[in-house]
Amino acid sequence: MQNALLVGLSRQVALRRELDVVANNVANMNTNGYKSQSMLFRDHMKNPASAEHFKKQDRAVHFVVDQGTLQNFSQGPMEQTGGTFHMALREDDTFFVVQNDKGETRYTRAGNFERNSQGKLVTLSGEAVQGTSGELVFSGDETDVAIGADGSVTTNLGSKGRVKVVRFAQLQKLENVGDNLFIAKTETPADAIDARVQQGYLEKSNVRPVKEMSRMIEVNRAYAGVVSIMDKMNEQQKNAIDKLAMRA
């Protein structure tokens, strides 16, 4: 009976984690470049008792283990905004390269960039967008900014270089660090010289709202079901203890 309660508890923990992931997807359904997530679980089997005097061999006990989070890198829908510094990537394995104020490299699909007060092209959270030759910086005299399909940037004063775009062979090894940014601890990016950049467009979130809401309902029902079973097991345990106490 105790094993049944422990199995139920492991299931509750897993469902709570999955609910957090689904809720985060729903909260970011309108976030540019957001990639939906899903939970990956595995079965953990506890070895049965091995005492020889048992009449019947104990069955193995199976627990639910949170294996990790799976990132869905499929491309989201494109939206035309007309923004001068808005960019979208047409391949779902490519990323823009940005750096924070500590010089740490990050990767993102969210191309809603802007020019800050120093003329730098940055993300909404302040990371500097990288070109093939470093940061992209515009002076106050530069107008008519044009970004070609190959990422080349020009203004009325001439060429500014090219937006740096990279790709990864194993996307699931990227780690999400928040603000639509990823880091690559074990993967080495390759220059995506054939990547297609589209100015004036943004990639929207790839979250499917109806699917996520349905999943949220399913998880809540499953959680309620586990709670009901555990309550019944607790009641059975209490009744057993009461009867044993009366006989004693």
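1. A few points about the overall build of the chain
Then step 1. Looking only at helices and strands, the chain has two helices and 19 strands in total.
Then step 2. Within the span of the chain, comprising 248 residues, buried residues form 36% of the whole.
Then step 3. Taking the contacts inside the chain whose residues are at least 6 apart along the sequence as the reference set, 64% of them involve residues at least 24 apart.
Then step 4. As displayed, the chain has an accessible area near 14600 Å², and 49% of this comes from carbon and sulfur atoms.

2. As for the confidence of the model for the chain
Then step 1. Confidence along the chain averages 86 in pLDDT terms, with 85% of residues attaining 70 or more.
Then step 2. When the elements of the chain are averaged for pLDDT, strand β1 (residues 37–46) gives the smallest value, 66, and strand β5 (residues 94–99) the largest, 98.

3. Notes on the sheet that holds strand β13 (residues 158–162)
Then step 1. Pairing within the open sheet is antiparallel, and its three strands lie in the order β11-β12-β13. The open sheet has two edge strands, β11 (146–147) and β13, and neither has a second partner.
Then step 2. One ladder, built from two bridges, connects β11 with strand β12 (residues 152–155); its direction is antiparallel. Paired with Ala146 across the strands is Thr154, a residue of β12.

4. Regarding the nonpolar core
Then step 1. Core analysis: the biggest nonpolar cluster contains 19 residues, and Met87, Phe96, Phe113, Leu121, Phe138, Val163 and Val165 have the highest contact counts within it.
Then step 2. The set of elements that each furnish at least two residues to this core consists of β4 (87–89) and β5.
Then step 3. Those residues in contact with Leu121, other than ones at most four positions away along the chain, are Phe85, Met87, Phe113, Glu114, Arg115, Glu127, Ala128, Val129, Leu136 and Phe138.
Then step 4. With nine residues, the next largest nonpolar core counts Phe95, Tyr107, Val166 and Leu171 among its residues.

5. A few points about empty space enclosed by the protein
Rolled over the atoms, a probe as big as a water molecule pinpoints where empty space is left.
Then step 1. For the structure on display, the rule yields one cavity of 30 Å³ or more.
Then step 2. Along the walls of the largest cavity sit Thr132, Arg162, Val163, Lys164, Val165, Asp191, Ala192 and Ile193, which together make up its complete lining.
Then step 3. Of the residues contributing to the lining of the largest cavity, the split by class is four nonpolar, one polar and three charged.

Scoring rules and cut-offs
Residues numbered from 1 in each chain as written. Predicted model: local features only at pLDDT ≥ 70, side-chain atom pairs only at ≥ 80, totals over all residues. Heavy atoms only, no water. Helix = DSSP H or I, 4+ residues; strand = E, 2+ residues; numbered from the N terminus. Buried < 20%, exposed > 50% of the residue type's maximum accessible area, 1.4 Å probe, protein only. Contact = heavy atoms within 4.5 Å. Areas by Shrake-Rupley, 256 points an atom, 1.4 Å probe, with all protein chains shown as cover. pLDDT = per-residue confidence, 0-100. Pairing = 2+ DSSP bridges. Core = buried A, V, L, I, M, F, W, Y, C linked by side-chain atoms within 4.5 Å. 1 Å grid on protein atoms, 1.4 Å probe; cavity = no way out; pocket = protein on both sides within 12 Å on 5 of 7 lines; lining within 4 Å. Points joined across faces, edges and corners; volume = space filled by probe spheres on them. Nonpolar A, V, L, I, M, F, W, Y, C, P; charged D, E, K, R; others polar.

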